[in-house]
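Structure at a glance
This is what each chain is made of:
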Amino acid sequence: MKFFSDNAAAVHPRVWAAMQAADVPDTAYDGDALSRQLDAAFSALFGTECTALWVATGTAANCLALSAMVPPHGGVVCHREAHIEVDEGGAPGFFTHGAKLLLADGDGAKLTPDAIARVIDPIRRDVHQVQPHAISITQASEYGRVYTPAEVAAIGALAQARGLGLHMDGARFANAVAHLGVSPAAVTVEAGVSALSFGFVKNGGLGAEAIVFFADGLHDVVRYRRKRAGHLQSKGRYLAAQILAMLDDELWLANARAANATAAEIADACGQRLIHPVEANEIFVVLSSAEQAALQAQGFDFYDWPAPAGAAGAARFVTAWNSDATHVAALARAIAAL
């Protein structure tokens, strides 16, 4: 009974069908008919003209987007728990040729304008210190917390006032939008986001993510850097097919709603064990080593997590678009019975 990661979830049948349908001769790289549809598809979704490029991984999406905003001598403000800081193996520095991550704090791995200002205000405007060029926020955050449109807009206003780019790591963007019940534009382009890493792999895709550019000029740089980074796949139509299948008839949103609903069912059984409010598809729970072992003995697979202060232990459970209802119910009962 797998609750380890939505990265390990099955590929949605409609994605497989779309890839099979794409298995016909066409132009290589991103000149094929499907790849040429991406700009229009995302422009319709966000209600504004934008440009979208496919890549194979979320790390590439994040770091290629940032590489267009930040020079090698510059800096990116992010939360100290951000994926680009903790889980991308130094890729931001690699893709930006040396840019520095400027770490900020915030509850639930979320940033606020005040937290960002505390990092950038002390930086002197001279050549001896790394200057900030962008802010990166994660939606939903590494602790499954969701930024509201007003919260993103406040950060967007700060970014605009300071002349900074605003990048959104949207590995679980679908889960955040499903939780908020707002338009995708309300928490991106309307709130001042320059570029979005739109995640599909965690939400039913196979191996395709999209970088969606709202700010002018950024995509022109990334087209070249994508090639140089080894992410311009020769049979790009298969990546485009996955993304278009997910966008069709809002499959991306339906999948996220399903994952969120099962997470909420488990959260209801956790009571005071919850470490963070469950707003997407991740559940962080206080569990002792003995309690974790008891759950594992029943067949539940999950991630051991660093315990908060004063707790004997903790764990993370992640649901997916296809989480088995019987497994979800069994986990909820097992946690409630501890």
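Below, the structure is looked at part by part. Being a predicted model, the structure only gives us computed values, none of them experimental.

This part takes up the packing of helix H6 (residues 113-120) against helix H7 (residues 149-162). At a minimum axis distance of 9 Å, the contact between H6 and H7 shows a crossing angle of 30°. When the axes of H6 and H7 are compared, the pair comes out roughly parallel. Here Pro113, Ile116, Ala117 and Ile120 of H6 come into contact with H7, specifically with Ala154, Ile155, Leu158 and Arg162. In terms of residue class, the contact of H6 with H7 is made up of 7 nonpolar, no polar and 1 charged.

Looking now at the layout of surface pockets. Estimates place the volume of the largest pocket at around 590 Å³. Along the walls of the largest pocket sit 28 residues, with His83, Asp87, Arg172, Lys202 and Arg316 positioned nearest its centre. When residues of the lining of the largest pocket are traced back to their parent elements, those giving at least two are helix H3 (58-67), helix H4 (83-86) and strand E9 (303-305). Among the elements that line the lining of the largest pocket, the one with the most residues is H3, at 3 residues. In terms of residue class, the lining of the largest pocket is built from 9 nonpolar, 9 polar and 10 charged. Roughly 210 Å³ of internal volume is contained in the second largest pocket. Contributing to the lining of the second largest pocket are 15 residues, with Lys2, Ala9, Ala320, Asn322 and Ser323 lying nearest its centre.

Read from one edge of the open sheet, 7 strands run E1-E7-E6-E5-E4-E2-E3, paired in mixed fashion. Each edge of the open sheet is held by one strand with a lone partner, namely strand E1 (51-55) and strand E3 (100-104). Shown here is a sheet whose adjacent strand axes are inclined to one another by a mean of 25°, direction ignored. Bridge count for E1 against strand E7 (residues 209-213) is 5 bridges, and the pairing is antiparallel. In the sheet register, Ala52 faces E7, and the bridge partner there is Val212.

With that out of the way, let us pick up the pattern of salt bridges. In this structure the tally under the stated criterion is 14 salt bridges. Residue Arg80 is joined to Asp105 by a salt bridge in which the shortest nitrogen-to-oxygen separation is 2.5 Å. Linking Arg80 in the loop between strand E2 (74-79) and H4 with Asp105 in the loop between E3 and H6, this pair joins segments that are 25 residues apart in sequence. Assessed through its relative accessible area of 35%, Arg80 is described here as partly exposed. Note that Arg145 and Asp107 form a salt bridge whose closest N and O atoms lie 3.4 Å from each other. You can see Arg145 sitting in the loop between strand E4 (131-138) and H7 and its partner Asp107 sitting in the loop between E3 and H6, a full 38 residues away along the chain. For Arg145, a relative accessible area of 13% gives the class buried. Note on Asp107: relative accessible area 61%, which makes it exposed.

The rules behind these values
- Residues numbered from 1 in each chain as written.
- Predicted model: local features only at pLDDT ≥ 70, side-chain atom pairs only at ≥ 80, totals over all residues.
- Heavy atoms only, no water.
- Axes fitted to C-alpha atoms, helices over the stretch in contact; angles between N-to-C directions.
- Helix = DSSP H or I, 4+ residues; strand = E, 2+ residues; numbered from the N terminus.
- Parallel < 35°, antiparallel > 145°, perpendicular 65-115°, else oblique.
- Contact = heavy atoms within 4.5 Å.
- Nonpolar A, V, L, I, M, F, W, Y, C, P; charged D, E, K, R; others polar.
- 1 Å grid on protein atoms, 1.4 Å probe; cavity = no way out; pocket = protein on both sides within 12 Å on 5 of 7 lines; lining within 4 Å.
- Points joined across faces, edges and corners; volume = space filled by probe spheres on them.
- Pairing = 2+ DSSP bridges.
- Salt bridge = Lys/Arg side-chain N within 4 Å of Asp/Glu carboxyl O.
- Buried < 20%, exposed > 50% of the residue type's maximum accessible area, 1.4 Å probe, protein only.

That is the geometry; function is a separate question.
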